[in-house]
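What the coordinates show
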Amino acid sequence: MSEARMTTHVLVNGQAIEREVPVRQHLVDFLREDLGLTGSHLGCEHGVCGACQVMIDGQVQRGCLTLAVQVDGRRVDTIEGLSDSGELAQLQQAFLAHNAFQCGYCSSGMLLTALHIVRHHRQADRETIRDLLSGNYCRCTGYQAIVDAIESVLRAGSQPASASVLAALGTKGA
Amino acid sequence: MKAADFEYVRVRSLAQAFQELERRGDSARILAGGQSLMPMLNLRLATPDCLIDIGGLTGLRDIRPEGQALHIGALVTHRQLQESELVARTVPLLAQAVPHVAHLAIRNAGTIGGSLALADPAAEYPAVALALEATLVVQGAQGERRIAAQDYFQGLYQTARRPQEILTGVEFPVAADGGRAHFSELARRRGDFAMVGLAAQCQFDGPVIARARLAYFAVSDRPVLATGAAAALQGRRPDDDALRAAQAALRADLDPASDLQCDSATRLHLAGVLLARAVEQMRQSA
């Protein structure tokens, strides 16, 4: 029996995509192998680790627990699109300043959860940040730095990214 | 791992879903949020011939009062429940349970219907449904059936829903004045499946517990009512004597299994710890 296939139409990082895919293919394999968007990672492939996270219609979801055919007619934003658009810039700078990227494997998933936190939980304390991050594993165990980075962005409020980052780096204006 | 091959049908109506179920029999699985089914497919613990995706249906997404109950459609996500002021006000036990369900990204996609249809023994909602005497609503080509939670959960992943029916919603009685809810669970890591959990609903008559419903989960193949412990609390104030009597009664109510997470004796002890937390919270809110 040949593998069942179906056409899916999806808006990926603002670009309309139409592809025929195997129906059993999950979203991250589609992004990585068919579209060459390798920023979303596969760790456990059963929803535990969070490395595969993407935004679907603006909400953080597990790419490995979503079929490519399920996002037909929907909008998917990946780490690539959210980096290029600048939406993640402040968080990325804060992660850099706090040494919250180590091996980098979990970073794209972490940043998407972090984006959810800064969008929806402006008043989050460290305990709340940790609770919301509990679905993202960092095998370098760099959680302290990751929480620090997210907290710094929340505390910086709506200040321009550069000011808080430079403060965190202890450098003077540029 | 990758899922084994299957066919995929995205249905546009419940009627179409019933037709597909009729045609394909037991070899088809219903796909809603997919947050439990997809891991099983990826791990090849499940290898259905066909997935019938009901995620595109426009109905089954409402949260609405219906008489003395709150009706929640099967496709309502955990996140919708968490953000619903109506749920928080009218079914506080459910509102307390939602943050314990998995993690943020899972709550954004997973559905209440999916959880109740799967009936994982360590899941939160089945215990809430049992504690609150909820009614599960299933539909098939022959029409609708309404099943009391007490009769719905029948064993490990076993429910009273028939293979050709779909769980379309659940109705929780609206909390009465004098009702107090307590939900807690113990897991080694936040968001993991619980080692032991408790969904407790008590009805107070002044300072006295008139009626208690204590539904434990992750202690058996289905959620279990601790009837002896509940009886020990009823007619008494939530004080230390009542608590000790109820904790003693738990030993007859529960016979938890041992597994890799913890052994039977630990589970039984932890069930008593959760009961103490419930009684303490009821005392403080008295």
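Residues numbered from 1 in each chain as written. Chains lettered and ligands numbered in written order. Predicted model: local features only at pLDDT ≥ 70, side-chain atom pairs only at ≥ 80, totals over all residues.

**Quick word on the overall build of chain A**
- Counting secondary structure elements, chain A contains seven helices and five strands.
- Beginning at the N terminus, the succession of helices and strands in chain A can be written as β-β-α-β-β-β-α-α-α-α-α-α.
- Here chain A holds 174 residues, and 47% of them are scored as buried.
- Taking the intrachain contacts of chain A between residues at least 6 apart in sequence as the baseline, contacts between residues at least 24 apart amount to 58%. (Helix = DSSP H or I, 4+ residues; strand = E, 2+ residues; numbered from the N terminus. Buried ≥ 20, exposed ≤ 12 C-beta atoms within 10 Å, placed from the backbone. Contact = placed C-beta atoms within 7 Å.)

**Overview of the overall build of chain B**
- Along chain B, the regular secondary structure elements total twelve helices and 14 strands.
- The globule rule puts the C-alpha radius of gyration for 286 residues at 19 Å, and the 19 Å found for chain B is close to it.
- Along the first, second and third principal axes, the C-alpha atoms of chain B reach 60 × 45 × 30 Å.
- Buried residues in chain B amount to 49% of all 286 residues. (Rg over C-alpha atoms; globule rule 2.2 N^0.38 Å.)

**Details of the sheet that holds strand β2 (residues 28-31) of chain B**
Residue and element names in this part refer to chain B.
- Strand order in the open sheet made by the three strands is β1-β3-β2, with parallel pairing throughout. For this open sheet the edge positions go to β1 (7-10) and β2, each flanked by a neighbour on one side alone. In this sheet, adjacent strand axes meet at a mean angle of 25 degrees when their direction is disregarded.
- Note that β2 and strand β3 (residues 50-53) share four bridges and pair parallel. (Pairing = 2+ DSSP bridges. Axes fitted to C-alpha atoms, helices over the stretch in contact; angles between N-to-C directions.)

**Some remarks on the interface of chain B and chain A**
- Taken residue by residue, the interface counts 24 residues in chain B and 25 residues in chain A.
- At the level of secondary structure, the elements contributing two or more residues to the side of chain B that touches chain A comprise β1, α2 (37-42) and α6 (104-109) of chain B.
- Grouping the constituent residues of the side of chain B that touches chain A by class yields eleven nonpolar, seven polar and six charged. (Nonpolar A, V, L, I, M, F, W, Y, C, P; charged D, E, K, R; others polar.)

**Describing the domain arrangement of chain B**
Residues and elements named next belong to chain B.
- Domains assigned within chain B are domain 1 (7-53), domain 2 (63-173) and domain 3 (179-284).
- One C-alpha centre belongs to domain 1, the other to domain 2, and the line joining them spans 19 Å.
- Each side of the interface is counted separately: domain 1 has twelve residues, and domain 2 has 18 residues.
- It is helix α1 (residues 14-24) that contributes the most residues to the side of domain 1 that touches domain 2, five residues altogether.
- Of the residues that constitute the side of domain 1 that touches domain 2, the class distribution is six nonpolar, four polar and two charged. (Domains from an automatic or database assignment.)

**Description of the domain arrangement of chain A**
Residues and elements named next belong to chain A.
- Each assigned domain of chain A is listed here: domain 1 (5-83) and domain 2 (86-169).
- The distance between the C-alpha centroids of domain 1 and domain 2 comes to 23 Å.
- Counting from both sides, the interface comprises 14 residues of domain 1 and, opposite them, 15 residues of domain 2.
- Those elements that place two or more of their residues in the side of domain 1 that touches domain 2 are β3 (53-56) and α2 (79-84).
- At three residues, the largest contribution of residues to the side of domain 1 that touches domain 2 is made by α2.

**Topic: the packing of helix α11 (residues 240-253) of chain B against helix α12 (residues 264-284) of chain B**
Residue and element names in this part refer to chain B.
- It is the contact of α11 with α12, at a shortest axis distance of 10 Å, that shows an interaxial angle of 150 degrees. In terms of orientation, α11 lies roughly antiparallel with respect to α12. The way α11 lies across α12 gives a crossing that is right-handed. Across the interface between the two elements, Ala-242, Leu-243, Ala-246, Gln-247, Leu-250 and Arg-251 of α11 pack against Leu-268, Ala-271, Gly-272, Leu-275, Ala-276 and Val-279 of α12.
- For the contact of α11 with α12, the residue count by class is nine nonpolar, two polar and one charged. (Parallel < 35°, antiparallel > 145°, perpendicular 65-115°, else oblique. Left-handed = near helix turned anticlockwise from the far one by under 90°.)

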